[in-house]
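# Chains, contacts and geometry: an overview
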Amino acid sequence: MTRGTEGHVRGARRGRRRHAVALALTTALALVTGGAVAGSADAASVCAGRPKKTVKFATGEVRVYKSRAYACVTAVAAGPGKRRPMAVTIQPRGGLPVTDSGRYTRRAGPVTVHALNRCVRVSGKVDGKGARTGWILC
C-alpha cells in the first residue's frame, strides 16, 4: 500500500468505530427513557399486542390485549391513590386461570396466557367492585 491509501483505511476504521459508539449510546438512551418515544401511548402499555377490549366498572376497568399467540390483561384503577385490594384473572379455554392479586395503587397485572386459536375469559376487581366477561377473542 502507498502511504495515502493506508491513511484512508485507518480513517475509515475510525469512522466505523465512531458510528458503532454512537449507535450503542443511542440504543442505551432509548432503553433508559423507555423506548423510542417516551410518553407515547405505546410506551404506557404494559402488555404486548393490540388493545382488544376494555370493560369499565365503578372503580376502574379491565383492559384486554391480544398479540398473535398471547392474550394479556390488566385491571386499572379509575383514580390512582392509596393501596387497595386489586385482582385480575385470565383463563384460556381448556386451560387453568392465571391471577395477579394484591394491594396496589394503580394496576393489577399484567397477566399473560398463550391463546393462539383459543378464547379467553377475564375478570378484574378494584376495591371490591369488578367486572367479568364471557368467552371473548374467539
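A brief structural summary. (Residues numbered from 1 in each chain as written. Predicted model: local features only at pLDDT ≥ 70, side-chain atom pairs only at ≥ 80, totals over all residues. Heavy atoms only, no water.)

## Thoughts on the nonpolar core
Heads up, the condition is: Among the buried residues, those of types Ala, Val, Leu, Ile, Met, Phe, Trp, Tyr and Cys that are joined through side-chain atoms within 4.5 Å form a nonpolar core. Exposure classes here rest on a 1.4 Å probe applied to the protein chains alone. A residue is buried below 20% of its type maximum, exposed above 50%, and partly exposed in between. Helix numbering and strand numbering both begin at the N terminus, where a helix is a DSSP run of H or I of at least 4 residues and a strand a DSSP run of E of at least 2. The criterion used for residue contact is that any of the two residues' heavy atoms lie within 4.5 Å.
Counting residues in each nonpolar core, the largest one holds 19 residues, and the members touching the most others are Val 62, Val 73, Ile 90, Val 120 and Val 122. Of all elements in the fold, only β1 (50-57), β2 (60-66), β3 (70-77), β4 (84-92), β6 (107-114) and β7 (120-126) reach the threshold of two or more residues within this core. If one sorts the elements of this core by residue count, β3 sits on top with 4 residues. The contacts of Val 62, once residues within four sequence positions are left out, are Lys 53, Thr 54, Val 55, Phe 57, Val 73, Thr 74, Ala 75, Val 122, Ser 123 and Gly 124.

## Concerning unusual backbone geometry
The omega torsion of the bond from Gly 109 to Pro 110 falls at 10°, within 30 degrees of zero and hence cis. Within the secondary structure, Pro 110 is located in strand β6. One non-glycine residue, Asp 127, lies in the positive phi region at around 55°. The topology assignment puts Asp 127 in the loop between β7 and β8 (129-132).

## Description of the pattern of salt bridges
The following threshold applies: Criterion for a salt bridge: a side-chain nitrogen of Lys or Arg within 4 Å of a carboxyl oxygen of Asp or Glu.
The final tally for this structure, using the stated rule, is 2 salt bridges. Here Glu 61 ties to Arg 63 by a salt bridge, and the two come within 2.6 Å at their closest N and O atoms. Assessed through its relative accessible area of 28%, Arg 63 is described here as partly exposed.

On their own, these measurements won't tell you what the molecule is for.
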